[in-house]
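Secondary and tertiary structure notes
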Amino acid sequence: MRKLYECRDRLQAQMLQDDLSARHIKTVIQGDYLSGAAGELSAIQFPVLWIVEDGDYDRGRELIEQYLNEPVDAQGDWQCSQCGERVEGNFDICWKCLSPRD
């Protein structure tokens, strides 16, 4: 297991984990509830996304870089190729069937 990315908050960690999971890359989130103890800790730690299979690390880093560098509203709405549902452009995963954008 290798550290893949330190997220800014729990929401970003979950979004990245869901995106990678849709591409069959297993990850775990650690430290996601430490912000609740911020007053007790000497330094705030943020949720960390860990890759389960070391062989998926390079592909995981590549996908995270793409995700982080893609402008939020650069793409228009899209239609899921699996279920045909209309999805807003700032989402990369279909809300209905969880298939990734083509």
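For the structure itself, consult the block above.
By convention here, each chain's residues receive numbers from 1 onward along its written sequence. pLDDT decides what is reported in this predicted model: residues at 70 or higher carry local features, side-chain atom pairs at 80 or more are listed and counted, and totals for whole chains, interfaces and linings draw on all residues regardless. Calculated side-chain values reflect all of the structure's heavy atoms, with hydrogen atoms and water omitted.

Quick notes on the nonpolar core
Which entries qualify depends on this criterion: Take the buried Ala, Val, Leu, Ile, Met, Phe, Trp, Tyr and Cys residues and link them wherever side-chain atoms come within 4.5 Å; each set so joined is a nonpolar core. Working definition: with a 1.4 Å probe on protein chains only, accessible area under 20% of the residue-type maximum means buried, over 50% means exposed, and in between means partly exposed. Secondary structure elements follow DSSP: runs of H or I no shorter than four residues count as helices, runs of E no shorter than two count as strands, and numbering proceeds from the N terminus. Residue contacts follow a heavy-atom distance rule, with two residues in contact if any of their heavy atoms lie within 4.5 Å.
Leu4, Cys7, Leu16, Leu20, Leu49 and Ile64 are the most contacted members of the largest nonpolar core, which totals 13 residues. Residue assignment for this core shows that the elements contributing at least two residues are β1 (2-6), α1 (10-22), β3 (48-51) and α2 (57-69). In contact with Cys7, not counting residues within four places along its chain, are Gln12, Ala13, Leu16, Phe46, Pro47 and Leu49.

Side note on the sheet that holds β3
Put simply, the rule is: We treat two strands as partners when DSSP finds at least two bridges between them. To obtain each axis, a line is fitted to C-alpha atoms, and for helices this fit is confined to the stretch in contact; angles are then taken between N-to-C directions over 0 to 180 degrees.
Taken in spatial order, the 3 strands of this open sheet run β1-β3-β2, and their pairing is antiparallel. The sheet is open, and its two borders are formed by β1 and β2 (27-30), each paired with just one other strand. Ignoring strand direction, the axes of neighbouring strands in this sheet form an average angle of 30°. The pairing of β1 with β3 spans 4 bridges and is classified as antiparallel. Its bridge partner being in β3, Tyr5 is matched across the sheet by Leu49.

What to know about the pairing of β2
Residues Thr27 and Ile29 line the buried face of β2, whereas the alternating positions Val28 and Gln30 sit on a face that is not buried. Where β2 and β3 come together, 4 bridges link them in antiparallel fashion. Among the inter-strand pairings, Thr27 is bridged to a residue of β3, identified as Ile51.

With respect to α2
Applied cut-off: By definition here, a helix of n residues has an expected span of 1.5 Å times n minus one. Directions are taken from the helix axis to each C-beta atom, and the arc is the one they span.
Taking 1.5 Å as the rise per residue, α2 with 13 residues should run 18 Å; its terminal C-alpha atoms sit 18 Å apart, in good agreement. Turning to α2, its buried residues number three or more, namely Tyr57, Gly60, Leu63 and Ile64. For α2, the angular spread of buried residues about the axis comes to 130°, placing them on one side. Projecting away from the buried face of α2 at angles above 90 degrees are the exposed residues Asp58 and Asn69. Among the structural elements, β1, α1 and β3 are those in contact with the buried residues of α2.

None of this, on its own, says anything about what the molecule does.
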